[in-house]
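# What the coordinates show
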Amino acid sequence: MHLNTHLMCHRWLVSTLRGHGGHFRSFSVSASSRTVMSAWVIDKYGKNDVLRFTKNAALPIIHYPNEVIVKVHAAGINPIDISMRGGYGAATMAMIRDPFNMNQSGSEFPLILGRDVSGVIMECGLDVNYFKPGDQVWAAIPPWKQGSLAEFVVLRANEVSHKPKSLSHVEASSIPYVAATAWSSVVNCGSLNKDNSAKKRVLILGGSGGVGTFTIQMVKAWGTHVTVTCSQSAEQLVRDLGADEVVDYTTGPVEKQLQTLQKFDLILDNIGGETEKWALGLLKPWNGAKYVTLVTPFLHNTDLLGLADGMMQSGVTIAKKVLKHLRKGLHYRWGFFAPSGPTLDDISEMVDSGKIRPVVEEVFSFAQVPQAFQKAEQGHARGKIVVTMANDQEE
């Protein structure tokens with residue numbers, strides 16, 4: 001039974017995450033004689049000192065007919081980059097990259113971090129019809145793939161979208177990963193969309209970071225009433241983005257302040273920890289209201305227990321929580337990042353129509369990647385940290 005579970009996981013991972021699972025022969029259409037590029041890599045997990053600049057990183061090539069190579073103009077830094085630098089999710093990502101465990105441990109190194117990219121298509125695989133070389137695109141890069149802190153990155157075409165025309169590459173690179181996470185959490189898990197959100201009440205716990213600042217704008221554009229928790233220093237930012245009500249967590253117990261307000265239809269929790277104990281009590285019971293948390297033990301479980309047992313443990317944990325809250329007429333969900341080009345197409349339209357704007361806290365040059373990580377690691381971000389390639393400084 002245990003072996004069957006592993007095989008089922010393997011099959012699911014290969015088909016779901018690799019796409020075109022049967023195409024294992026190489027489809028490189030590269031006309032370039034270059035084989036190396038500049039990149040920031042890590043050779044082991046650890047703190048900021050593991051980041052290493054190299055001019056000899058392997059140039060990505062097209063292995064599958066549905067892939068494209070993107071020349072990176074700008075890259076966003078996310079909290080997951082800090083976590084992955086330290087090894088979080090390593091066992092799970094290794095399993096996804098190499099489902100049949102054919103490679104030895106540590107074969108992911110040198111590893112390139114960076115989950116956001118804005119740039120230009122350089123090459124297209126044989127099956128790619130929607131893009132052509134020269135197209136300006138943006139994408140959120142799945143955590144099991146080599147990232148965007150490099151000159152080039154290879155992605156599946158269905159993970160890529162045409163960049164909003166109204167944004168520079170620097171601005172555009174601040175959006176995809178948080179947008180894909182917010183959309184997956186609010187739409188797929190929270191069941192809100194542009195057609196059913198008018199007059200709904202949404203609470204965002206921890207609203208001044210990347211996911212929070214994006215979600216405020218997205219659900220506000222759909223007509224919801226938005227309440228946000230953040231520190232006083234971020235209040236003006238979240239109000240400017242559309243928050244109707246702001247609760248300052250530095251002035252006293254945040255749950256007591258929130259309990260004086262009307263109940264909510266959706267809560268998006270970016271904080272986790274103790275918030276779960278009281279947050280669900282703020283939802284409208286027996287009304288389809290949902291609590292969606294982005295702080296889940298999924299990767300921790302699979303790192304600790306292996307993929308099959310970790311997934312099983314996570315399944316048991318969430319099943320218990322779902323049932324516990326369902327008895328009170330409340331819906332409990334885990335939110336996840338989900339890469340999707342079509343989602344970014346929708347978001348691109350919202351950006352170009354002025355409903356969503358990028359929130360960039362600070363821009364670093366490609367030479368300053370360690371400083372960018374340092375800044376991101378301090379937390380309390382007001383939006384996103386972005387790294388720009390040297391020749392795009394004017395953007």
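Given the structure is predicted, the values throughout are model-derived calculations rather than measurements.

Thresholds, definitions, all that
- Counting of residues starts from 1 at the beginning of each chain's written sequence and follows it residue by residue.
- Where totals are concerned, whole chains, interfaces and linings use all residues; where local detail is concerned, this predicted model gives features only for residues with pLDDT of at least 70, and gives and counts side-chain atom pairs only at 80 or more.
- As a rule here, side-chain values come from all non-hydrogen atoms in the structure, and water together with hydrogens is ignored.
- The numbering of helices and of strands both runs from the N terminus, where a helix is a DSSP run of H or I of at least 4 residues and a strand a run of E of at least 2.
- Expected span of a helix, by definition, is 1.5 Å for each gap between consecutive residues, and there is one gap fewer than residues.
- Burial classes: relative accessible area under 20% of the type maximum marks a residue as buried, over 50% as exposed, and values in between as partly exposed (1.4 Å probe, protein chains only).
- What the arc describes is the spread of directions from the helix axis to the C-beta atoms.
- Ring pairs shown here join Phe, Tyr and Trp side chains whose ring centres sit within 6.5 Å, with only the six-membered ring taken for Trp; geometry is labelled stacked below 30 degrees between planes, edge-to-face above 60, and tilted in between.
- Strand pairing is assigned whenever DSSP identifies at least 2 bridges connecting the two strands.
- Orienting the strands away from the viewer, one traces the path from the first strand over the helix to the second; a clockwise path indicates a right-handed crossover.
- Only buried residues count toward a nonpolar core, which is a set of Ala, Val, Leu, Ile, Met, Phe, Trp, Tyr and Cys residues joined through side-chain atoms within 4.5 Å.
- Throughout, a residue-residue contact means that at least one pair of heavy atoms, one from each residue, lies within 4.5 Å.
- Between N or O atoms, a polar contact is any pair within 3.5 Å; within protein, one atom must be a potential hydrogen donor and the other a potential acceptor, and residues adjacent in sequence are included only when both atoms are from side chains.

To continue, consider helix H12 (residues 341-352). When the terminal C-alpha atoms of H12 are compared, their 16 Å separation across twelve residues agrees well with the 16 Å that a helix rising 1.5 Å per residue should span. Every buried residue of H12 is accounted for by Gly341, Thr343, Leu344, Ile347, Ser348, Met350 and Val351. Seen from one end, H12 has its buried residues packed into an arc of 160°, which puts them on one side. Opposite the buried face of H12, at more than 90 degrees from it, the exposed residues are Pro342 and Glu349. Just beyond H12, the residue with positive phi is Gly354, at close to 85°.

A word on the packing of aromatic side chains. One pass over the structure, following the stated rule, counts eight aromatic pairs. Between Phe53 and Phe366, the ring centres sit 6.1 Å apart and the planes meet at 80°, which makes this aromatic pair edge-to-face. Note that Phe53 is positioned in strand S2 (residues 51-58) and Phe366 in the loop between strand S15 (360-365) and helix H13 (369-377), a separation of 313 residues in sequence. The exposure class assigned to Phe53 is partly exposed, which follows from its relative accessible area of 37%. Their ring planes at 20° and their centres at 4.3 Å tell us that Tyr177 and Phe337 sit as a pair that is stacked. With Tyr177 in helix H5 (residues 176-189) and Phe337 in the loop between strand S14 (331-334) and H12, this residue pair connects regions lying 160 residues apart in the sequence.

On a regular strand, one side chain projects to one face of the sheet and the next to the other, so that they alternate. Strand direction decides the pairing type here: strand S10 (residues 225-230) and strand S11 (residues 245-248), joined by four bridges, are parallel. Across the sheet, residue Thr229 finds its bridge partner in S11, namely Val247. Between the parallel elements S10 and S11, the chain passes through helix H7 (residues 235-241) in a crossover that is right-handed.

Counting residues in each nonpolar core, the largest one holds 50 residues, and the members touching the most others are Val68, Val117, Phe131, Leu149, Val369 and Phe373. At six residues, the largest contribution of residues to this core is made by strand S3 (residues 67-77). Setting aside residues up to four positions removed in sequence, Val68 forms contacts with Ile62, Ile121, Glu123, Cys124, Val128, Val153, Val154, Leu155, Ala157 and Val160. Membership of the second largest hydrophobic core comes to 38 residues, among which are Leu167, Val211, Met218 and Val219.

Our focus in this paragraph is the side chain of Glu151. Following the sequence through the fold, Glu151 ends up in the loop between strand S6 (136-140) and strand S7 (152-156). The exposure class assigned to Glu151 is buried, which follows from its relative accessible area of 17%. Engagement of the side chain of Glu151 in a polar contact is seen with the side chain of Arg34, the distance being 3.0 Å. With near-sequence residues (within four places) excluded, Glu151 lies in contact with Arg34, Met37, Ser38, Val70, Lys71, Val72 and Met389.

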